[in-house]
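Survey of secondary and tertiary structure
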Amino acid sequence: MEYFKTGLKSVLGAPLQGSSPPTGAETVERLVDRVQHSTLLDDRRDACRALKSLSKQYRVEVGAQAMDALCQVLEMDRADGEIVSYALDTLCNVMSSEVFEEEEHPDVYQSSKTSLGEQFTEIFMKQTDNIGLVLGFLEEYDFQVRWPALKLLTSLIHNRPRDLQDIILVSPMGVSKLMDLLGDSREVIRNDALILLTHLTKGNANIQKIVAFENAFDRLFDVMADEGYADGGIVVEDCLAIVHNLLKHNTSNQNFFKEGSYIQRLSPMFSLPNDNEDISWSSQKVNNILSSLQVIRMLVMPGNPAQVTSSCQRTIRSSGILEALCGILMASGVPVDVLTETINAVAEIIRGNLANQEYFLTVMAPSKPPRPAIVVLLLSMVNEKQPLELRCSVLYSFQCYLYKNEVGQAQLVQTLLPSSAEVGTGTTGELLVAGLLSGHMLSTWLSAVALSHALVENPAQKEQLLRVALATGPGAQPVTLLQQCSSILQQSTNVQSKVGILMLLAMWLSHCPLAVRDLLNTPSCIPYLTAQVGANEHQEHEELLQGLCAFLMGICVIFNDDSVPSYTRDSLCQLVSKRVGQDVFLDKLGEVSKHELYSKAHKHPQLQATSPEFVLLDHEFCKLFKALEGMVVKAVSPKDAGLHNGGTELTLTATESSLLLQYKELIRSQDNQIQEMRRQLHQYEIERQGSQMQIEELSATVSQLRDQTRLLSAAANTGVTSTLSSDINKLSISNQDNLSKCSELEDELDKLRKDQEDLLVLLADQDTKLMKYKTRLKQLGEKVESDDDDDQRNAEEP
């Protein structure tokens, strides 16, 4: 503290004897004056050093008064590294997002939605040349200049990311200057550059492309190799975060990444020692591997173009990464979050790729005797003791294995048929049926959905599955799997289990008349569905359950071959009309697509649920529902006479023809009105553009005034009124002249309104006095003419 006082005395001079010490605002004001007007560089340097010392405690004062002076130093004294470092450090403190312990006024802007640092950042970035100045200092190798410039840019992008991205994008060589920092031998600069690039590359496709073609991938992989890949520190995680940003939703960069053989350079991240039981899974190692898996998934995620995905899937397989990931799946001691994300990554690597799907089927678990990895995973899925995230990821991997894999679908169904040689050996089909019949609501749902994916776009396997028979007990007559599903649906009391069975039945019966016939022949199934659709319960998810029952009944109408006399198409439609009501039926059907989980499940194939109660709808089922909903509505809607029943204008009656002509005339009239409104809209658009230009000019002026007001407010809250108030008043006067298209007219209008109000008041007073005088004269016995007499006399006078 004594050193600080001595430094200020050397800059400002000792206070006069007997005078009170200067306040912080006064001290800052004098220092700013010294920076702006001193002719000696040493004096300006000392003043900047003092401002840096005060910038944390008196951040408001320094930011409000010294920002322009510091920018002037960066521009005029850039040759002196020491004074530049003081100016940059001071600006860093002013625009920091944190609140300093020694800060004197931490609650000045507590009521504001934006932090103090963000407000100063907005003012600083209004002058885009300021960013160019800071970027220029990145070219300086001097540590005391390059590092504070880097820190200042990091603060700016933290406070105003979009604005800084736009400025850097148009700045000459702006991205190149940032990329050069990755080659700095000083780790602190290199690491801070990684943090800055992480923010810079987030959500901006143009910057992502520039960074990628600035040799970013090579530089980042070189850093990760130096750090030791997965065994490295947080720097590896930062590098992978940048790679992830560069690839996210950016097809150009994904192709560049694949063609540049960068996928192969990811393989060391997944290498495990032979004795994997001795692996030390530190928290940082877990984070590094999770980040690597997210990069892999970004290349093969379902939302990517099919050509890019398939090409990356082949490269991942040929590079040995798929084999390494399968090794992690079967390794012991792997943390559950790493195991879950690895399963998800493997799922998307094999999704829709027959060669990778066939390889996945050959992976064996290191057990005695060895068992297929897919069987071991399904055991985890139907096990109630496993975490929800892990069970959902196994379901996703199984769905991806069956996706567009007719061979895999057929093999699954074959394990359930009586002729299968693998019956009783714990096959995939037996595990799914066991989970279906387990009585555990989540296991039933997962197994039903997994089994339904063996039937997606595969009518042959739907018919084959009808042959599956189950033994319900010793000596009992076997029942078909379809009958067992119907029994579970009617006997279960859990909504989740019922929803899973209904989705399986809907997938099974669609486009399969034989399956529809068997369901219609199942006792009490249609009465149960009818009762459910007509129910009036409003408990949680009950409306969804009723909507699914309506959808299943609609499928029975659409794909009905009329082979069951008691439940033909027409009889089912009459049943809906008489027992439920067509309006009620359609309302219940519409509840499915209105459900909060429907849109989420329809967007992405992977089931993402944080708790079991959110596990309800499947992606493939939502696709089926969207494809068939319109057909169901049309099938059960009333068949009106006339045009709805295939009639034409030639078959209409005279009354119907007249009505049709009226409708046509109405449509023609409305079409003319639309054309006229479009013409008017075009004219209004031209006028709006002219008004918009005027608004933009005024907005620029208002924005400048707002900045000045903010500075004045900051100064007023801390006692700064002298120099700052004078400067702002001068600026306000100059800006006032620009707004004089408006103020003079408003003053004139206000004056006229005021005069009018004064006249009305005077007239009211005059009337009151006149009435008072008339009343007084009447009291004195004088004859007083009424208002009507006055009006009549005035009318008779020429």
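Residues numbered from 1 in each chain as written. Predicted model: local features only at pLDDT ≥ 70, side-chain atom pairs only at ≥ 80, totals over all residues. Heavy atoms only, no water.

**Quick look at the overall build of the protein chain**
Note the cut-off: Segments assigned H or I by DSSP are reported as helices when at least four residues long, segments assigned E as strands when at least two residues long, and all are numbered from the N terminus. Residue exposure (1.4 Å probe, protein chains only): buried if accessible area is under 20% of the type maximum, exposed if over 50%, otherwise partly exposed. Residue exposure ignores everything except the shown protein chains as possible cover, and the areas themselves are Shrake-Rupley values with a 1.4 Å probe.
Scanning the protein chain from N- to C-terminus turns up 39 helices and four strands. A total of 798 residues make up the protein chain; the buried ones form 46% of that total. Total accessible area on the protein chain is roughly 41,200 Å²; 52% of this is exposed by carbon and sulfur atoms.

**Observations regarding the confidence of the model for the protein chain**
Low-pLDDT stretches of the model should not have their predicted coordinates read in fine detail. So the rule is basically this: By definition, pLDDT measures how confident the predictor is in each residue, and it falls between 0 and 100. Only heavy atoms matter for contacts: two residues are in contact if any of them lie within 4.5 Å across the pair.
The pLDDT averaged across the protein chain works out to 84; a share of 79% of its residues lies at or above 70. Below a pLDDT of 50 lies the segment residues 720–725, which in the model reaches eleven contacts outside its immediate sequence neighbourhood of four places, other chains included. The low-confidence segment residues 790–798 (pLDDT under 50) makes three contacts with residues lying over four places distant or belonging to another chain.

**Details of the packing of aromatic side chains**
Inclusion rule: Two aromatic rings from Phe, Tyr or Trp, using only the six-membered ring of Trp, form a pair when their centres are within 6.5 Å; if the ring planes differ by under 30 degrees the pair is stacked, by over 60 it is edge-to-face, and anything between is tilted.
Counted under the stated rule, the structure contains 15 aromatic pairs. Considering the side-chain rings of Phe621 and Phe625, the 6.3 Å spacing of their centres and the 40° angle between planes classify their relative orientation as tilted. Placement of both Phe621 and Phe625 in helix 35 (residues 619–636) is noted, with a separation of four residues, approximately one turn of the helix. No difference in accessibility class separates Phe621 from Phe625, as the two residues are buried. Each member of the aromatic cluster is reached from another via a ring pair, and the members are Phe213, Phe217, Phe221, Phe256, Phe257 and Tyr262.

**Re helix 17 (residues 306–318)**
For the record, the criterion: The span you would expect from a helix comes to 1.5 Å times its residue count less one.
The terminal C-alpha atoms of helix 17 lie 19 Å apart, and with 13 residues this matches the ideal 18 Å at 1.5 Å per residue to within 8%. Every buried residue of helix 17 is accounted for by Val308, Thr309, Ser311, Cys312, Gln313, Thr315 and Ile316. On its buried face, helix 17 is in contact with helix 15 (251–259), helix 16 (283–300), helix 18 (321–330), helix 19 (336–350) and helix 20 (354–362). Positioned one or two residues after helix 17, Gly320 has a phi angle of 90°, which is positive.

**Observations regarding the environment of Leu390**
Mapping Leu390 onto the fold places it in helix 22 (residues 388–402). Here the alpha-carbon distance between Leu390 and Glu341, two residues 49 residues apart in the chain, equals 8.6 Å. Contacts of Leu390, omitting those with residues within four sequence positions, involve Leu339, Thr340 and Ile343.

**As for the packing of helix 30 (residues 525–534) against helix 31 (residues 542–558)**
So the rule is basically this: Interaxial angles span 0 to 180 degrees and are taken between N-to-C directions of axes, which are lines fitted to C-alpha atoms, for helices over the stretch in contact. Should an angle lie under 35 degrees it is considered roughly parallel, over 145 roughly antiparallel, and from 65 to 115 roughly perpendicular; all remaining angles are considered oblique. Two helices that cross are described as forming a left-handed crossing if the nearer one is turned anticlockwise from the farther one by less than a right angle, and a right-handed crossing if clockwise. In this count, Pro and Cys sit with the nonpolar residues alongside Ala, Val, Leu, Ile, Met, Phe, Trp and Tyr, while Asp, Glu, Lys and Arg are called charged and the others, Gly among them, polar.
At a minimum axis separation of 8 Å, helix 30 and helix 31 run at an interaxial angle of 135°. Accordingly, the angle class assigned to the pair helix 30 and helix 31 is oblique. Relative to helix 31, the crossing made by helix 30 is left-handed. Residues Leu529, Thr530, Gln532 and Val533 of helix 30 touch helix 31, and the partners they reach there are Leu545, Gln546, Cys549, Ala550, Leu552 and Met553. A class-by-class count of the residues in the contact of helix 30 with helix 31 yields seven nonpolar, three polar and no charged.

**Section: unusual backbone geometry**
Lys368 connects to Pro369 through a cis peptide bond whose omega is -10°. Phi is positive for Glu457, which is not a glycine, with a value near 55°. Structurally, Glu457 can be placed in the loop between helix 25 (441–452) and helix 26 (459–465).

**Here's the deal with helix 29 (residues 513–520)**
The α-helix advances 3.6 residues per turn, and as a result positions three or four apart in sequence lie on the same side. What counts, and what does not: By arc we mean the arc of the directions from the helix axis to the C-beta atoms, nothing more.
Every buried residue of helix 29 is listed here: Ala515, Val516, Leu519 and Leu520. The arc that holds every buried residue of helix 29, seen down its axis, measures 135°, which confines them to one face. Of the surrounding elements, those touching the buried residues of helix 29 are helix 27 (481–491), helix 28 (495–509), helix 30, helix 31 and helix 32 (569–580).

**Considerations on the side chain of Gln165**
Here is the rule we go by: Distance and chemistry together define a polar contact, namely a pair of N or O atoms within 3.5 Å, with one atom able to donate a hydrogen and the other to accept it when in protein, and with adjacent residues in sequence counting only for side-chain atoms on both sides.
As for its placement among the helices and strands, Gln165 is situated in helix 9 (residues 161–170). Within the local environment of Gln165, its side chain forms a polar contact with the backbone oxygen of Leu200, the two atoms lying 2.9 Å apart. Setting aside residues up to four positions removed in sequence, Gln165 forms contacts with His199, Leu200, Lys202, Asn204 and Ile207.

**Section: empty space enclosed by the protein**
What counts here: In this analysis, the protein atoms alone were mapped onto a 1 Å grid. Cavities are point sets where a 1.4 Å probe fits without being able to get out; pockets are open sets with protein on both sides within 12 Å along at least five of seven lines; lining residues have an atom within 4 Å of a point. Grid points are joined across faces, edges and corners, and a volume is the space filled by probe spheres set on the points.
A volume near 30 Å³ is recorded for the largest cavity. Partitioned by chemical class, the residues of the lining of the largest cavity number six nonpolar, one polar and no charged.

**Let's talk about the packing of helix 21 (residues 373–381) against helix 22**
For the pair helix 21 and helix 22, interaxial distance at closest approach is 8 Å and the crossing angle is 140°. One way to sum up the angle between helix 21 and helix 22 is to call them oblique. Between helix 21 and helix 22 the crossing geometry is left-handed. Between helix 21, through Ile374, Leu377, Leu378, Ser380 and Met381, and helix 22, the contact on the second element is made entirely by Arg391, Val394, Leu395, Ser397, Phe398 and Tyr401.

**Structural notes on the nonpolar core**
The criterion, for reference: The term nonpolar core refers to a set of buried residues drawn from Ala, Val, Leu, Ile, Met, Phe, Trp, Tyr and Cys, joined through side-chain atoms within 4.5 Å.
Within the largest apolar cluster, 223 residues are counted, with the highest numbers of intra-cluster contacts made by Phe124, Phe257, Trp508, Leu509, Leu529 and Phe551. Sort the elements by how many residues they give to this core and helix 31 lands first, with twelve residues. Those residues in contact with Phe257, other than ones at most four positions away along the chain, are Phe217, Phe221, Val243, Leu247, Tyr262, Ile263, Leu266 and Leu299.

**Remarks on the environment of Ser96**
Secondary-structure assignment places Ser96 in the loop between helix 5 (81–94) and helix 6 (116–126). Ser96 sits in the buried class, given a relative accessible area of 11%. Note: C-alpha distance between Ser96 and Thr154 (58 residues apart in sequence) is 9.4 Å. What Ser96 contacts, discounting residues up to four positions off in sequence, is Arg59 and Gly117.

**Focus: the pattern of salt bridges**
Under the convention used in this document: Here, a salt bridge means any Lys or Arg side-chain nitrogen found within 4 Å of an Asp or Glu carboxyl oxygen.
Enumeration over the complete set of coordinates arrives at 21 salt bridges. Note that Arg45 and Asp42 form a salt bridge whose closest N and O atoms lie 2.7 Å from each other. Placement of the pair is Arg45 and Asp42 together in helix 3 (residues 41–54), with a separation of three residues, close to one helical turn. For Glu82, the salt bridge goes to Arg49, with nearest N and O atoms at 3.5 Å. Here the residue Glu82 occupies a position in helix 5, and Arg49 occupies one in helix 3, the gap between them amounting to 33 residues. Overall, Glu82 belongs to the partly exposed group, its relative accessible area being 29%. Classification of Arg49 as partly exposed rests on a relative accessible area of 28%. Several salt bridges share partner residues, and in doing so they unite Asp42, Arg45, Asp46, Arg49, Asp80 and Glu82 into one network.

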